[in-house]
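Structure assessment
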Amino acid sequence: MEPLAPIHVLEPAADPHAALDAGDAALVEIDAAIALVLSGAARRVRLTSLPFVESIAPIGLARARSAGVAFTFERAERVGVATVTLGPIEPHPAGA
């Protein structure tokens, strides 16, 4: 008889994003911020100290731009700390 593979279960108090790859979790946060801006619930959304946001920033930028939402990436003086600001909705250029 072969031994059973271990089963890893998240504790009830564990962060729901723990099962996701950190980059995927950061992208989910960016997508949610874009949705908040587009819905009018927020003019701008700032995401601070989001782990691994640098690795997915180009994808977040592309998604924000395609939705017509401004995207700003700021690095702080502390290593590993970055802020992404989404919004406001960008005005369409005349004739576009």
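Before reading on, note that the structure itself is shown above.
Heads up: these notes are all about the structure in this document. Starting afresh in each chain, residues are numbered from 1 along the sequence in its written order. Where totals are concerned, whole chains, interfaces and linings use all residues; where local detail is concerned, this predicted model gives features only for residues with pLDDT of at least 70, and gives and counts side-chain atom pairs only at 80 or more. Working from all heavy atoms in the structure, the side-chain values ignore hydrogens and water.

**Observations concerning the packing of helix α1 (residues 22–39) against helix α2 (residues 53–67)**
- Fitted lines through C-alpha atoms serve as axes, helices being fitted only where they are in contact, and the angles separating the N-to-C directions of these axes extend from 0 to 180 degrees. Only runs of H or I of at least four residues qualify as helices and only runs of E of at least two qualify as strands under DSSP, and these elements are numbered from the N terminus. α2 packs onto α1 with a crossing angle of 25° between their chain directions and a minimal axis gap of 9 Å. Here α2 runs roughly parallel to α1, going by the angle between their axes. Both α1 and α2 take part in a crossing whose hand is right-handed. The residues of α2 that touch α1, namely those facing G23, A26, L27, I30, D31, I34 and L38, are V53, I56, I59, G60, R63, A64 and A67.
- Under this grouping Gly is polar, as are all residues other than the nonpolar Ala, Val, Leu, Ile, Met, Phe, Trp, Tyr, Cys and Pro and the charged Asp, Glu, Lys and Arg. Taken together, the residues that form the contact of α1 with α2 break down as 10 nonpolar, 2 polar and 2 charged. Angles below 35 degrees are treated as roughly parallel, those above 145 as roughly antiparallel, those between 65 and 115 as roughly perpendicular, and all remaining angles as oblique. The sense of a crossing depends on the near helix, which, turned anticlockwise from the far helix by less than a right angle, makes the crossing left-handed and, turned clockwise, makes it right-handed. A contact between two residues is defined here by any heavy atoms of the two lying within 4.5 Å.

**Section: the pattern of salt bridges**
- For salt bridges, the criterion is a side-chain nitrogen of Lys or Arg within 4 Å of an Asp or Glu carboxyl oxygen. Under the defined criterion, the tally for this structure stands at 3 salt bridges.
- Close ionic contact of R63 with D31 constitutes a salt bridge, the shortest N to O distance being 2.5 Å. Of this pair, R63 sits in helix α2 while D31 sits in helix α1, and the two are 32 residues apart along the sequence.
- D31 gets classed as partly exposed once you look at its relative accessible area, which sits at 31%. Three exposure classes are used, based on accessible area relative to the maximum for each residue type with a 1.4 Å probe and protein chains only: buried under 20%, partly exposed in between, and exposed over 50%.

**Observations concerning α2**
- Along α2, the largest kink reaches about 35° and is centred on I59.
- Restricting attention to buried positions, one finds in α2 the residues V53, I56, A57, G60 and A64.
- Immediately downstream of α2, the backbone of G68 shows phi near 80°, a positive value. To get the bend at any residue, fit one axis to the seven residues that end at it and another to the seven that begin at it, then take the angle between the two axes.

**Observations regarding the nonpolar core**
- Formed by 19 residues in total, the largest nonpolar core has its most connected members in I30, L47, V53, F71 and L86.
- For this core, the secondary-structure elements that each account for two or more residues are α1, β1 (45–48), α2, β2 (69–75) and β3 (82–89).
- If one sorts the elements of this core by residue count, α1 sits on top with 6 residues.
- Filtering out sequence-adjacent residues up to four positions away, F71 remains in contact with I30, A57, G60, L61, A64, V84, T85 and L86. Throughout this description, the term nonpolar core refers to a set of buried Ala, Val, Leu, Ile, Met, Phe, Trp, Tyr and Cys residues connected via side-chain atoms within 4.5 Å.

**Let's talk about the sheet that holds β2**
- An order of β1-β3-β2 is seen for the 3 strands of this open sheet, with the pairing classed as antiparallel. Each having just a single partner strand, β1 and β2 make up the two edges of the open sheet. Pairwise comparison of adjacent strand axes, ignoring direction, gives a mean angle of 15° for this sheet.
- DSSP-based pairing: two strands are paired if at least 2 bridges between them are found. Bridge analysis of β2 against β3 gives 6 bridges, and the strand direction is antiparallel. Across the sheet, residue F71 finds its bridge partner in β3, namely L86.
- Contacts from α1 reach β1, β2 and β3 within the one sheet, and its direction differs from that of β3 by about 25°.
- Its contacts with the sheet put α2 on β2 and β3, and the angle it makes with β2 is roughly 160°.

Read these as spatial facts, not as claims about activity.
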